[in-house]
Amino acid sequence: MTTPRADRMPKEAAMYPSPQNHPAYLWWQGRQVAWDEATVHVTSLGWTGISAVFEGIRAYWNAEQQRLHVFAIDAHLKRLAQSMKLVRMTSPYSSDEIKQAAIKLLRDNELQEDSYIFPLAYFPSGIPGYLAVYEQPGEVMMTTRPRESSMLTGRALHCNISSWRRISDNTMPPRAKMTTNYQNSRFVSTEASINGYDTAIILNDQGKVAESPYACVFIVRDGVAYTPPVTAGVLESITRDIVMQILQEELGVPCRERDVDRTEMYIADEAFLCGTFAEITPIASVDRYTLGSGSAGPITSRLEQLFHDVVRGRDDRYSELRTIV
Ligand code: PMP
């Protein structure tokens, strides 16, 4: 049996801010404010979560250079703008204003370690979820906090195929990074954890592989990598795009976007998750079918090493994706 995910929660929970352990500043209502001054009334709980959209962006500390590299921030802020458009929210701030605010926040919070940037856009008036909104202005809150990378630690996940189905474009579009979509993810993660798995693979309405609760999925069969298309009920992942490029252009691994069947997960030579939080996470087994040797396969290992070097600024390639703080 693998360790239930719940056992790992304290470590992960420790990465979230608490009254004893939080950064000095966050960004809210267009300016940097002291953490303790950023408060709202308790009655704003609830409907402000409906239509809220967000991003998760990583920054990697390069110890040799003594500086942080923020990874793919422009792509993340472009997706944030698209998510806001989908929920018919207008932004009082441009993407560049949010980007500059993020960089200043990392600097002023004196982050000299791997970090995570979390911008959240929401309707501050707390419009009830059953009422219409149209081109209404949102508000943006953004935090930064330390978040260690898990790359090159030898981890590999045991997954199940979830009994839950992925939300779909005509119900709750996974393409928009809405907080409400993560109730679907939570059902999936909780079921996986209770049953002793690390996480799960979710099938879409058509019964094809979609993604995991927090990351996209790739399998490798006979030297070719496959990942479900963006129309399969997945978030349009930024990491997924970069991984496809690295696989093909740097590692010479052909990569195809096509439907993936559940049983292909069982017989794949290798499989891995990818995403900002997941980075590159090898999959050891699916529904207790062991993949390869039950640890990171050769293509996944090469990808993880190169991805690690690129995001941390140890490899010069893809410099256009790194913003130096
Ligand atoms: N799918 C889901 C459901 C996610 O939450 C994430 C993480 N943002 C991803 C995929 C990966 O997306 P990205 O590479 O842009 O972080």
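Residue numbers here run from 1 along each chain, matching the order of that chain's written sequence. Per-residue local features are limited, in this predicted model, to residues with pLDDT of at least 70; the limit for side-chain atom pairs, both in listing and counting, is 80 or more; totals at the level of whole chains, interfaces and linings are taken over all residues. The side-chain values count all of the structure's non-hydrogen atoms but skip hydrogen atoms and water molecules.

Student: With reference to specific residues and values, describe the overall build of the protein.
Tutor: Comment: elements are numbered from the N terminus, with helices defined as DSSP H or I runs of at least four residues and strands as E runs of at least two. Each helix and strand counted, the protein has seven helices and 19 strands in total. The C-alpha atoms of the protein give a radius of gyration of 20 Å, which matches the 20 Å a tight globule of 325 residues would have. For the protein, the residues scored as buried account for 53% of the 325 residues in total. Working rule for contacts: check all heavy atoms of both residues, and any pair within 4.5 Å makes them a contact. Here the analysis covers contacts within the protein between residues at least 6 apart in sequence; of these, 71% occur between residues at least 24 apart. Throughout, the Shrake-Rupley method with a 1.4 Å probe supplies accessible areas, and for residues the shown protein chains are the sole cover considered. Of the accessible surface of the protein, which amounts to about 15100 Å², a share of 51% is contributed by carbon and sulfur atoms. For a compact globule the rule gives 2.2 Å times the number of residues to the power 0.38, and the radius of gyration it is set against comes from C-alpha atoms. When a residue's accessible area, from a 1.4 Å probe over protein chains only, is under 20% of the maximum for its type it is buried; when over 50% it is exposed; and in between it is partly exposed.

Student: Describe a nonpolar patch on the surface, listing the residues and the values that go with them.
Tutor: Residues forming no salt bridge and having over 30% relative accessible area are the ones grouped into patches, like charges within 9 Å of each other and nonpolar side chains (Val, Leu, Ile, Met, Phe, Trp, Tyr) within 5 Å. A carboxyl oxygen of Asp or Glu within 4 Å of a side-chain nitrogen of Lys or Arg is what we treat as a salt bridge. On the surface, a cluster of nonpolar side chains totalling about 440 Å² of accessible area is made up of Trp47, Ile50, Tyr130 and Leu131. Counting through the fold element by element, Leu131 comes out in the loop between strand E7 (115–122) and strand E8 (136–137). Given a relative accessible area of 46%, Leu131 falls into the partly exposed group.

Student: Talk me through the packing of aromatic side chains; I want residue IDs and the actual numbers.
Tutor: Pairing of aromatic rings covers Phe, Tyr and Trp, the last through its six-membered ring, and needs centres within 6.5 Å; plane angles under 30 degrees mean stacked, over 60 mean edge-to-face, and all others mean tilted. By the definition in use, this model includes nine aromatic pairs. Consider the rings of Phe218 and Phe272, whose centres lie 5.0 Å apart with planes at 5 degrees: the pair is stacked. With Phe218 in strand E13 (residues 216–221) and Phe272 in strand E16 (residues 270–275), this residue pair connects regions lying 54 residues apart in the sequence. Residues Phe218 and Phe272 agree in their burial class; the two are buried. Aromatic ring contacts, followed pair by pair, group Phe54, Phe118 and Tyr182 into a single cluster. Note on geometry: a ring has a charge over it if NZ (lysine) or CZ (arginine) is within 6 Å of the ring centre and within 35 degrees of the ring normal. Directly above the ring of Tyr116 sits Arg147, whose terminal nitrogen or CZ lies 4.3 Å from the centroid.

Student: So, the domain arrangement of the protein: which residues are in play, and what are the values?
Tutor: Partitioning the protein into structural domains gives domain 1 (6–146) and domain 2 (157–311). Centre-to-centre separation of domain 1 and domain 2, based on C-alpha positions: 25 Å. Between domain 1 and domain 2, the contact holds 24 residues from the first and 20 residues from the second. Two parts placed together each lose some accessible area under a 1.4 Å probe, and the buried area is that loss summed for both. Where domain 1 abuts domain 2, roughly 1900 Å² becomes buried across the two surfaces, and 63% of that area is made up of carbon and sulfur atoms. Contact with domain 2 buries area across many residues of domain 1, yet Phe54, Phe71 and Arg79 alone supply 31% of it, more than any other trio. Source of the domain bounds: an automatic or database domain assignment.

Student: Go over the site of the ligand, please, and point to the residues and values.
Tutor: Neighbouring residues are identified by heavy atoms, a residue being near a molecule or strand if any of them is within 4 Å of it. Near the ligand, the surroundings consist of 15 residues, among which Tyr182, Glu211, Ser237, Thr239 and Thr276 are the closest. Here Ser237 contributes a side-chain N or O atom positioned 2.7 Å from an oxygen atom of the ligand. Within the complex, 96% of the 380 Å² of free accessible area of the ligand lies under protein. Tallied by class, residues from the shell around the ligand come to seven nonpolar, four polar and four charged. Contacts described as polar in this section are N or O atom pairs within 3.5 Å, which, within protein, must combine one atom able to donate a hydrogen with one able to accept it, while residues neighboring in sequence count only if both atoms come from side chains. Gly falls in the polar group here, along with every residue not listed as nonpolar (Ala, Val, Leu, Ile, Met, Phe, Trp, Tyr, Cys, Pro) or charged (Asp, Glu, Lys, Arg).

Student: Explain the confidence of the model for the protein to me, and be specific about the residues and the numbers.
Tutor: A low pLDDT means the predicted coordinates there should not be read in detail. Every residue carries a pLDDT, the predictor's confidence in it, which falls somewhere between 0 and 100. For the protein, the average pLDDT comes to 94, and 95% of its residues sit at 70 or higher. In the model, residues 1–7 has pLDDT below 50 throughout and makes 14 contacts with residues more than four positions away in sequence or in other chains.

Student: Which residues make up the pattern of salt bridges, and what values go with them?
Tutor: One pass over the structure, following the stated rule, counts 18 salt bridges. With a closest N to O distance of 2.8 Å, Glu55 and Arg79 form a salt bridge. Placement of the pair is Glu55 in the loop between strand E3 (53–54) and strand E4 (57–62) and Arg79 in helix H2 (residues 73–86), with a sequence separation of 24 residues. Given a relative accessible area of 8%, Arg79 falls into the buried group. Between Arg175 and Asp169 there is a salt bridge; the shortest N-O distance is 3.3 Å. By relative accessible area, which is 26% here, Arg175 ends up partly exposed. With a relative accessible area of 45%, Asp169 lands in the partly exposed category.

Student: Describe the packing of H2 against helix H3 (residues 95–108), with residues and values.
Tutor: Here the axes come from fitting lines to C-alpha atoms, over the contacting stretch only for helices, and the angles between their N-to-C directions go from 0 to 180 degrees. Two numbers describe how H2 lies on H3: the axes approach to 10 Å, and their chain directions differ by 130 degrees. Between H2 and H3, the crossing angle belongs to the class labelled oblique. When you trace H2 past H3, the crossing you get is right-handed. Of the residues in H3, those in contact with Ile73, Asp74, Leu77 and Leu80 of H2 are Ser95, Ile98, Lys99 and Ala102. The residue inventory of the contact of H2 with H3, partitioned by class, reads five nonpolar, one polar and two charged. If an angle is under 35 degrees, it is roughly parallel; if it is over 145, roughly antiparallel; if it lies from 65 to 115, roughly perpendicular; otherwise it is oblique. Note on convention: the crossing is left-handed when the near helix lies turned anticlockwise from the far helix by less than a right angle, right-handed when the turn is clockwise.

Student: So what about unusual backbone geometry? Which residues, and what values?
Tutor: With the exception of glycine, most residues fall at negative phi, and the peptide bonds are largely trans. A positive phi angle, near 60 degrees, is found at Arg88, a position not held by glycine. Secondary-structure assignment places Arg88 in the loop between H2 and strand E6 (89–90). Of note, Glu279 is a non-glycine position whose phi angle comes to about 55 degrees, a positive value. Among the secondary structure elements, Glu279 is positioned in strand E17 (residues 279–286).

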